[in-house]
Amino acid sequence: MSDPAGNRLATLLRLGLAVVFIYASLDKIAHPAAFAAAIGHYQLLPGFLAALLAAILPWLELGCGLALLLNRGMAGATLLAAGMNLVFILAITTALARGLDISCGCFSTSDAGSRVGVTRLLEDLVLLLAAGWLYLRAIAAPRPDFA
Amino acid sequence: MSRWLPAWALRQALLLLLAAGLTGLVANHLNPSGVALRPAGAAIAGIAAWEESERAEQPRPISLAQLQLLLGREAALLLDARSRDEYRAGHLPGAVSLPYENWNAEMAQVDQLPHDRWLVCYCDGGGCELSEHLGLELVGRGFKKVAVYRGGIEEWQQLHPLAQEASHE
């Protein structure tokens, strides 16, 4: 490609996103019930849907993280990563707006984990921008790997 | 599809979603600390059946989900079968301390326990026996609604904080 700086940045962001998503998934995969409780604290979903989300979301994070790490199915992985971050941002924003003082459930399922707050919101915004930019690059140079 | 959402990108995303969803459901099913994927309605029907099923002359095992439904309707009283010191260090919220080691000295308290609520005994969890012993003694003392929460402290504190002050009762 003719844009070596852009390519280097893309690789850096891709690996960074991969590490964040894989790391975020591990504790939740080990403790689905605790993660379901963390989702429940947001008071956005009925219990059944919170449980279903707790069972599936961590594996989606892991799957996206691995795809990003291996540079496979980048369009799909970055699309999902951006979508997840958008959902996280909405959830945290509504939690803050409602004045909920709850643990984030972002990286750790324990109640001692970090609380929802503006810092988490900004982190998610950065991740959203990174995923969005990588998505635009992926669909601009279509090399469908496994679609 | 549109320029910003080409069909092949969407297919990739759906494929990933499907793979993660299936893996997640299977893994959750196999994981002993997995989350119960039944609608709340089924759980409530389950607790009714649990309460109405034939009452054997021994304590009934109760799961965390069932326990929470009972606690939600104030239909259960938690009894901590461990020592007083362990109780002070941390117990389930609302629990009353009834150390099995002091059973014979606790008769006055035992005779004041309610007969119209489930007496749910617990100890550390992970195979501890104090709650079973306490449950059997309570049944022997004439209580009909006696249950043992085998998950105990260990399972509870994975999801909920413990209380540290004296009991609310």
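Anyway, here's the lowdown on the structure attached to this text. All figures in this text were calculated on a predicted structure; none of them were measured in a lab.

**Observations regarding the overall build of chain A**
Alright, step 1. From N to C terminus, chain A includes 5 helices and 0 strands.
Alright, step 2. Written out in order from the N terminus, the α and β elements of chain A read α-α-α-α-α.
Alright, step 3. Going through the 147 residues of chain A one by one, you find that 44% of them count as buried.

**Topic: the environment of Gly117 of chain A**
All names here are of chain A.
Alright, step 1. Residue position: Gly117 is located in the loop between α4 (74-97) and α5 (118-140).
Alright, step 2. What makes Gly117 partly exposed here is the crowd of 14 C-beta atoms within 10 Å.
Alright, step 3. It is 8.6 Å that separates the C-alpha atoms of Gly117 and Thr93, two residues lying 24 residues apart in sequence.

**Comments concerning the interface of chain B and chain A**
Alright, step 1. In this complex, chain B contributes 28 residues to the contact, which on the side of chain A involves 31 residues.
Alright, step 2. When contributions to the side of chain B that touches chain A are tallied by element, the ones reaching two or more residues are α1 (7-30) and α7 (152-159) of chain B.
Alright, step 3. Looking at the side of chain B that touches chain A, the element that brings in the most residues is α1 of chain B, giving 16 residues.
Alright, step 4. Of the residues in the side of chain B that touches chain A, the class split is 18 nonpolar, 9 polar and 1 charged.

**Remarks on the packing of helix α1 (residues 4-30) of chain A against helix α3 (residues 47-70) of chain A**
All names here are of chain A.
Alright, step 1. Taken N-terminus to C-terminus, the directions of α1 and α3 make an angle of 150°; their axes are 7 Å apart at the nearest point. With respect to α3, the element α1 is oriented roughly antiparallel. When you trace α1 past α3, the crossing you get is left-handed. Contacts from Arg14, Leu15, Leu17, Ala18, Phe21, Ile22, Ala24, Ser25, Lys28 and Ile29 of α1 reach α3 at Pro58, Trp59, Glu61, Leu62, Cys64, Gly65, Leu66, Leu68 and Leu69.
Alright, step 2. Class assignment for the residues of the contact of α1 with α3 results in 14 nonpolar, 2 polar and 3 charged.

**Section: the pairing of strand β4 (residues 118-122) of chain B**
All names here are of chain B.
Alright, step 1. Of all 5 residues making up β4, 5 are buried, and the element is well covered by its neighbours.
Alright, step 2. Neither face of β4 is left uncovered, since the one carrying Trp118, Val120 and Tyr122 and the one carrying Leu119 and Cys121 both have all their residues buried.
Alright, step 3. Alignment of strand β2 (residues 76-80) against β4, held across 5 bridges, turns out to be parallel. Across the sheet, Leu79 pairs through a bridge with Cys121, a residue of β4.

**Observations regarding the pairing of β2 of chain B**
For a regular strand, side-chain orientation follows a simple rule: the groups alternate between the two sheet faces.
Residues and elements named next belong to chain B.
Alright, step 1. Of all 5 residues making up β2, 5 are buried, and the element is well covered by its neighbours.
Alright, step 2. Burial of the side chains of β2 extends over both faces: Ala76, Leu78 and Asp80 are buried on one face and Leu77 and Leu79 on the other.
Alright, step 3. Sheet topology places β2 next to strand β3 (residues 96-97); 2 bridges connect them, and they run parallel. Following the sheet pairing, Leu79 is matched in β3 by Val96.

**Remarks on the sheet that holds β3 of chain B**
Residue and element names in this part refer to chain B.
Alright, step 1. Judged by pairing direction, the sheet is parallel, and its 5 strands sit side by side in the order β1-β5-β4-β2-β3 without closing on themselves. Since the sheet does not close on itself, it has two edges, and those belong to β1 (60-61) and β3, each with one partner.
Alright, step 2. Helix-sheet contacts for helix α6 (residues 130-140) involve β2, β4 and β5 (146-148), and the interaxial angle to β5 is about 170°.

Conventions used here
- Along each chain, residues carry numbers from 1 onward, in the same order as the chain's sequence is written.
- Here the convention is simple: chains get letters from A, ligands get numbers from 1, in the order in which they are written.
- The predicted origin of the model limits local features to residues at a pLDDT of at least 70 and limits the giving and counting of side-chain atom pairs to 80 or more, whereas totals for whole chains, interfaces and linings rest on all residues.
- Here a helix means four or more residues in a row that DSSP labels H or I, a strand means two or more in a row labelled E, and each is numbered from the N terminus.
- With C-beta atoms placed from the backbone, a residue is buried if 20 or more other C-beta atoms are within 10 Å of its own, exposed if 12 or fewer are, and partly exposed between those counts.
- Our contact criterion uses C-beta atoms placed from the backbone: two residues qualify when those atoms are within 7 Å.
- Amino acids outside the nonpolar list (Ala, Val, Leu, Ile, Met, Phe, Trp, Tyr, Cys, Pro) and the charged list (Asp, Glu, Lys, Arg) are all regarded as polar, and Gly is one of them.
- Working convention: axes come from line fits to C-alpha atoms, limited for helices to the stretch in contact. Angles between N-to-C directions cover 0 to 180 degrees.
- Angles below 35 degrees are treated as roughly parallel, those above 145 as roughly antiparallel, those between 65 and 115 as roughly perpendicular, and all remaining angles as oblique.
- Take the far helix as your reference; a near helix turned counterclockwise from it by less than a right angle gives a left-handed crossing, and one turned clockwise gives a right-handed crossing.
- Note on pairing: DSSP must find at least two bridges between two strands before they are called paired.

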